Amino acid sequence: MRLDLMNTYFNLADWIIIFAYLGGIIALGIWFGKDQHTTRDYFLGGKSTSWWIIGLSIVAAETSALTIIGVPGLAFGGNMALLQMIIGYVIARIILAVVMVPHYLKGEIYSPYQLLANTFGGGARQTAGAFFLISETLAAGVRVYVVCIPIQLMLGIGVFPAIVLFVGLSLVYSYIGGVKAVIWTDAVQFGLFLAGGIFTLLYIPHLTDGGWSAVWRQAAAAGKLHWFNPAFSLGAPINIWMGVIGGTVLVMSSHGAEQLIVQRVLACKNVRDGRKALALSAVLIFPLFFVFLLVGAMLWAFYQHHPMAIAIPESRGGMKANDFVYPIFMLTEVPHVLRGFLIVAILSAAMSSVSSALTSLASVATMDFAKKIFGDRSENFYLRFSKYSTVFWGAALLGLAFVSREVKFVFDAAFSLRGLTSGALLGGVLVAVFMRRGKSLPVVTGMIAALLVMLVIEVFPKWGVTQEFWARTVGAEIFWPWYTLIGLVVMLTVTWLTRLAVGDKGSAAPPPQ
């Protein structure tokens, strides 16, 4: 079916709900914009936001629209094995709340990379900041494109207008309201997409003969509810070792060393609030993924007895065919008005991921780089720079999303890059907190070595020249849950060896700042 006919699945009430949501989000951003007078207001929300709002925002920031439609697609095409990763996601938050939050909130810092400057000097800080800027820009830009593939299906518009729409709208409230607007809109958006998932979970049995028990039995008999795999392996599929070990280290990086999430912790009033915000996100993340995995299993049972009203499009741009199942269900099986609300749930997740990227990129660019370059300027100068930086990163995301339409390699590289740099970033933050004060060279060397090793692990199994060599010497491709742990081990090892080589014994480590 042609995409320009897809909007015939909406009626006036659906469109009113969609436009009311988009207008309401912009209004909320403008409302918070009145409080932006300093970079502290713009990037930390004046440290006046309630911890429970920040906790909701943390979950929303890590949950893109692709997650909301892709997670049901995983269970639809396979099972609920992803739950094993979520166990590690919960463990990591507990560790971070206990160990790392005191270092972030004793004093006032704007990014975790400032800790590297306190211990090793500016070179380590700028290296870590550059790693984050490059990886997050590429990943977020491509994420925008991939998310707009199903959104164009749902709204009946072209992919480029969809890209402009979501980056543009997210940019408006991010530019005006800063991180406070982003945190509050994230909290609202979290409620919307969680409510959408719960509604779907309750609604599918209503459409099926025999109700919930019949759907559950059929999904269980087909293995869709299976989630536990005890066999250890470095390659796919996901197993419990990947979840508990790999998932824990992965989220220690994403939530403890990457500005996208750490910025929200830094916006908390004090250490106690920071810990409570992370604890709340730990409580919420497991049921959130459980709901959407269960939605996928229920969708499989439903479509065993009902034909799809829209043929599943072919896989493209990183979207698997099964990722289209949930959007198709929304468009064709849900009554009007409720259909509009479900589409809003997907749109809210899309906008949350864009706005979170914009504020985190702007804060690192301003506080970790611009202040070093421009020195002692007025607060008004840096506030203006912050807003201009937000616009710049919005344009960068637009450009990368547009390029991703044509070049498949950009998608593959950019989507993998976060895993390629996550171990290096986590290692940098850990040595800044736990090692003795020293020179930048060992830390920078360790981070670069980790990136190079991860590039080999990512590229060699897929590249024609080295594919056969990799299969013969290593075997299966290493699965992404192990990436952060491998990168971390390389980074720490090379840093330690380099310190020995250059005779950098260091001095006593400074207290948390």
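On a predicted model such as this, the values are computed, not experimentally measured, just so you know.

Topic: the overall build of the chain
Point 1. Scanning the chain from N- to C-terminus turns up 20 helices and zero strands.
Point 2. Taking 2.2 N^0.38 as the reference for a compact globule, 513 residues should give roughly 24 Å; the C-alpha atoms of the chain span a radius of gyration of 23 Å, in line with that estimate.
Point 3. With the C-alpha coordinates of the chain rotated into their principal frame, the extents come out at 70 × 60 × 45 Å.
Point 4. A sequence separation of at least 24 residues applies to 85% of the contacts in the chain between residues at least 6 apart.
Point 5. Of the roughly 19,200 Å² that the chain leaves accessible, carbon and sulfur atoms contribute 69%.

Looking at the packing of aromatic side chains
Point 1. All told, the structure shown has 20 aromatic pairs when counted by the stated rule.
Point 2. Ring geometry for Phe-381 against Tyr-382: centres 5.1 Å apart, planes inclined by 85°, an arrangement best described as edge-to-face. This pair shows no difference in class: Phe-381 is buried, exactly as Tyr-382 is.
Point 3. By the ring-pair criterion, three or more aromatic residues cluster together here, those being Phe-199, Tyr-203, Phe-302, Tyr-303 and Phe-329.
Point 4. Lys-371 extends its terminal NZ or CZ atom over the ring of Tyr-382, reaching a point 5.0 Å from the ring centre.

Some remarks on empty space enclosed by the protein
Point 1. By the definition in use, this model includes three cavities of 30 Å³ or more.
Point 2. Approximately 50 Å³ is the volume attributed to the second largest cavity.
Point 3. Considering the residues around the second largest cavity, the lining is formed by Arg-143, Val-144, Val-147, Cys-148, Ile-151, Phe-166, Ala-350, Ser-353 and Val-354.
Point 4. Those elements that provide at least two residues to the lining of the second largest cavity are helix 8 (122-155) and helix 15 (338-374).
Point 5. For the lining of the second largest cavity, the leading source of residues is helix 8, giving five residues.
Point 6. Residues that form the lining of the second largest cavity fall into these classes: seven nonpolar, one polar and one charged.

Describing helix 4 (residues 65-77)
At 3.6 residues per turn, the α-helix brings residues three or four places apart onto the same side.
Point 1. Compared with the 18 Å implied by 1.5 Å per residue over 13 residues, the 18 Å span of helix 4 between its first and last C-alpha is a close match.
Point 2. Most of helix 4 sits inside the fold, with ten of its 13 residues counted as buried.

A word on the nonpolar core
Point 1. In this structure, Tyr-104, Ile-151, Phe-190, Leu-299 and Tyr-326 are the most contacted members of the largest nonpolar core, which totals 169 residues.
Point 2. In this view, Ile-151 contacts Gly-156, Ala-162, Phe-166, Leu-347 and Ala-350; residues no more than four positions away in its chain are not counted.

Here we look at the pattern of salt bridges
Point 1. Evaluated as defined, the whole model comprises five salt bridges.
Point 2. Between Arg-40 and Glu-108 there is a salt bridge; the shortest N-O distance is 2.7 Å. Taken together, the positions of Arg-40 in helix 2 (residues 39-44) and Glu-108 in the loop between helix 6 (101-105) and helix 7 (113-120) put the pair 68 residues apart, joining distant regions of the chain.
Point 3. Judged by its relative accessible area of 29%, Arg-40 is partly exposed.
Point 4. For Lys-276, the salt bridge goes to Asp-273, with nearest N and O atoms at 3.9 Å. Residue Lys-276 and its partner Asp-273 are both found in helix 13 (residues 271-302); the two are separated by three residues, about one turn of the helix.

Some points on unusual backbone geometry
Point 1. Note that the residue after Ala-236, namely Pro-237, is joined by a cis bond; omega there is 5°.
Point 2. With respect to the secondary-structure elements, Pro-237 resides in the loop between helix 10 (211-221) and helix 11 (240-256).
Point 3. A positive phi angle, close to 50°, is found at Lys-47, a residue other than glycine.
Point 4. Relative to the helices and strands, Lys-47 is located in the loop between helix 2 and helix 3 (51-61).
Point 5. Residue Lys-47 is classed as buried on the basis of its relative accessible area of 13%.

What to know about the packing of helix 18 (residues 440-459) against helix 20 (residues 483-502)
Point 1. Closest axis-to-axis distance for the helix 18/helix 20 pair is 7 Å, and the angle between their directions is 140°. Judged by the sense of rotation from one axis to the other, the crossing of helix 18 with helix 20 is right-handed. Between helix 18 and helix 20, the residues in contact are Leu-441, Pro-442, Val-443, Thr-445, Gly-446, Met-447, Ala-449, Ala-450, Val-453, Met-454, Ile-457 and Glu-458 and Tyr-483, Ile-486, Gly-487, Val-490, Met-491, Val-494, Thr-495, Thr-498, Arg-499 and Val-502, respectively.
Point 2. The residue makeup of the contact of helix 18 with helix 20, split by class, is 15 nonpolar, five polar and two charged.

What about the packing of helix 3 against helix 9 (residues 159-206)?
Point 1. For the pair helix 3 and helix 9, interaxial distance at closest approach is 8 Å and the crossing angle is 65°. Classed by the angle they form, the pair helix 3 and helix 9 counts as roughly perpendicular. As for the relative orientation of helix 3 and helix 9, their crossing is left-handed in sense. Residues Ile-53, Ile-54, Leu-56, Ser-57, Val-59, Ala-60 and Ala-61 of helix 3 lie in contact with helix 9, whose contacting residues are Ile-183, Trp-184, Asp-186, Ala-187, Phe-190 and Phe-193.
Point 2. Its residues placed into classes, the contact of helix 3 with helix 9 shows eleven nonpolar, one polar and one charged.

Some details on the environment of Val-251
Point 1. Position of Val-251 among the secondary structure elements: in helix 11.
Point 2. The exposure class of Val-251 is buried, given its relative accessible area of 2%.
Point 3. Separated by 162 residues in sequence, Val-251 and Tyr-89 place their C-alpha atoms 5.7 Å apart.
Point 4. Those residues in contact with Val-251 that lie beyond four places of it in its chain are Tyr-89, Ala-92, Arg-93, Leu-96 and Gly-256.

Describing the environment of Gly-423
Point 1. By the secondary structure assignment, Gly-423 is in helix 17 (residues 408-434).
Point 2. Taking the C-alpha atoms as reference points, Gly-423 and Leu-451, separated by 28 residues in sequence, lie 8.2 Å from one another.
Point 3. Aside from chain neighbours lying at most four places away, what touches Gly-423 is Thr-484, Gly-487, Leu-488 and Met-491.

Description of the environment of Leu-455
Point 1. Tracing the backbone through its elements, the reader meets Leu-455 in helix 18.
Point 2. Excluding anything up to four places from it in sequence, Leu-455 contacts Leu-420 and Phe-460.

Digging into the confidence of the model for the chain
Point 1. Put simply, the chain has an average pLDDT of 87, and 93% of its residues get 70 or more.
Point 2. Averaged pLDDT values for the elements of the chain fall to 77 in helix 17 and rise to 96 in helix 5 (residues 83-99).
Point 3. Confidence drops under pLDDT 50 across residues 409-413; counting only partners more than four residues distant or on other chains, this segment forms seven contacts.
Point 4. For residues 508-513, every residue scores under 50 in pLDDT, and the model assigns this stretch 17 contacts once sequence neighbours within four places are set aside.

Considerations on the side chain of Ser-422
Point 1. Relative to the helices and strands, Ser-422 resides in helix 17.
Point 2. In this structure the side chain of Ser-422 is engaged in a polar contact, spanning 3.2 Å, whose partner is the backbone oxygen of Gly-419.
Point 3. A polar atom in the side chain of Ser-422 sits 2.7 Å from the side chain of Thr-484.
Point 4. Once residues lying within four places of it in the same chain are set aside, the contact partners of Ser-422 are Ser-253, Glu-258 and Thr-484.

How each quantity is defined
- Residues numbered from 1 in each chain as written.
- Predicted model: local features only at pLDDT ≥ 70, side-chain atom pairs only at ≥ 80, totals over all residues.
- Heavy atoms only, no water.
- Helix = DSSP H or I, 4+ residues; strand = E, 2+ residues; numbered from the N terminus.
- Rg over C-alpha atoms; globule rule 2.2 N^0.38 Å.
- Contact = heavy atoms within 4.5 Å.
- Areas by Shrake-Rupley, 256 points an atom, 1.4 Å probe, with all protein chains shown as cover.
- Phe/Tyr/Trp six-rings, centres within 6.5 Å; stacked < 30°, edge-to-face > 60°.
- Buried < 20%, exposed > 50% of the residue type's maximum accessible area, 1.4 Å probe, protein only.
- Lys NZ or Arg CZ within 6 Å of the ring centre and 35° of its normal.
- 1 Å grid on protein atoms, 1.4 Å probe; cavity = no way out; pocket = protein on both sides within 12 Å on 5 of 7 lines; lining within 4 Å.
- Points joined across faces, edges and corners; volume = space filled by probe spheres on them.
- Nonpolar A, V, L, I, M, F, W, Y, C, P; charged D, E, K, R; others polar.
- Expected span 1.5 Å × (residues − 1).
- Core = buried A, V, L, I, M, F, W, Y, C linked by side-chain atoms within 4.5 Å.
- Salt bridge = Lys/Arg side-chain N within 4 Å of Asp/Glu carboxyl O.
- Axes fitted to C-alpha atoms, helices over the stretch in contact; angles between N-to-C directions.
- Left-handed = near helix turned anticlockwise from the far one by under 90°.
- Parallel < 35°, antiparallel > 145°, perpendicular 65-115°, else oblique.
- pLDDT = per-residue confidence, 0-100.
- Polar contact = N/O pair within 3.5 Å; in protein donor to acceptor, adjacent residues only side chain to side chain.

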